[in-house]
Amino acid sequence: MRYIKIFVLLLVVIAVYACNNDAHKKDGVTLYKGLYSAGPEIKSFKDCDSGQEFWAVDSSAQLELQYSQLNFEKPYEPVYVEVEGIKSKSGDAGRGSEYDSTLVVKKVVKITKEIPQDVCN
């Protein structure tokens, strides 16, 4: 009987640790697929699934770099991207305040000039 109690207690401790560890790893990061465009005044992301538009903040330091390497002749040309990021409420002041939400990009998974019609209309 004593070994059963110890075993159950051990299972509970492992389960609690596993749940807390998974939550910490994910950190609220989600994969988003959509259209990104950037220029001197605006950096925006339009989610293909919801159609919602976000102010985009590039904490990865890769999204803006890879976008600029596509060598567009004019700003604000849309590209298809798949990024991992965190959505948050936009602030009341400054750039991006006209958007309800801000997408903070943590990682660029894919970026291409070719916009897939079956994914993003």
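Throughout what follows, the structure given in this document is the object of discussion.

How each quantity is defined
- Per chain, residue numbering runs from 1 following the sequence as it is written.
- Since the coordinates come from a predicted model, pLDDT governs what is reported: local features require at least 70, and pairs of side-chain atoms require 80 or more to be given and counted, while whole-chain, interface and lining totals use all residues.
- Hydrogen atoms and water are omitted, and side-chain values are computed over all heavy atoms in the structure.
- Helix and strand labels come from DSSP, where a helix needs a run of H or I of at least four residues and a strand needs a run of E of at least two; each type is numbered from the N terminus.
- Exposure categories follow from relative accessible area, calculated using a 1.4 Å probe and restricted to protein chains: below 20% of the type maximum is buried, above 50% is exposed, and the middle band is partly exposed.
- We call two residues in contact when some of their heavy atoms are within 4.5 Å.
- All accessibility values rest on the Shrake-Rupley procedure with a 1.4 Å probe; residue burial counts only the protein chains present in the view.
- Any two strands with at least two DSSP bridges between them are considered paired.
- We call a set of buried Ala, Val, Leu, Ile, Met, Phe, Trp, Tyr and Cys residues a nonpolar core when their side-chain atoms join them within 4.5 Å.
- Side-chain rings of Phe, Tyr and Trp (the six-membered ring for Trp) are treated as a pair once their centres are within 6.5 Å; stacked means planes under 30 degrees apart, edge-to-face means over 60, and tilted covers the remaining angles.
- Only when the NZ of Lys or the CZ of Arg is both within 6 Å of the ring centre and within 35 degrees of the ring normal is a charge said to sit over the ring.

For the protein chain, the count of helices and strands is two helices and five strands. Secondary structure elements in the protein chain, listed N-terminal to C-terminal, are α-β-β-β-α-β-β. Taken across its 121 residues, the protein chain has 30% of its residues classed as buried. Counted over contacts in the protein chain with a minimum sequence separation of 6, partners at least 24 positions apart contribute 62%. Counting every atom, the protein chain has about 8400 Å² of accessible surface; 55% of that belongs to carbon and sulfur.

All right, on to the pairing of strand β3 (residues 53-58) then. As paired elements, strand β2 (residues 43-47) and β3 share three bridges and run antiparallel to each other. Opposite Ser44, over in β3, you have Trp55 as the bridge partner. Here β3 pairs with strand β5 (residues 101-112) via four bridges, running parallel. Its bridge partner lying in β5, Trp55 is registered against Thr102.

It is worth spelling out the nonpolar core at this point. Among the nonpolar cores identified, the biggest contains 15 residues, and Tyr36, Phe45, Leu63, Val81, Val83, Leu103 and Ile111 are the most heavily contacted of them. In terms of residue count, β5 provides more of this core than any other element does, four residues in total. Residues in contact with Tyr36, not counting those within four places in the same chain, are Lys43, Ser44, Phe45, Ala56, Leu63, Glu64, Tyr67, Glu77, Pro78, Val79 and Val81.

Moving on to the packing of aromatic side chains. Applying the stated criterion to the full structure yields six aromatic pairs. Taken together, the ring pairs in this structure connect Tyr32, Phe45 and Phe54 into an aromatic cluster. Sitting above the plane of the Phe72 ring, Lys113 keeps its charged end 4.9 Å from the centroid.

Purely geometric numbers; function is a separate question.
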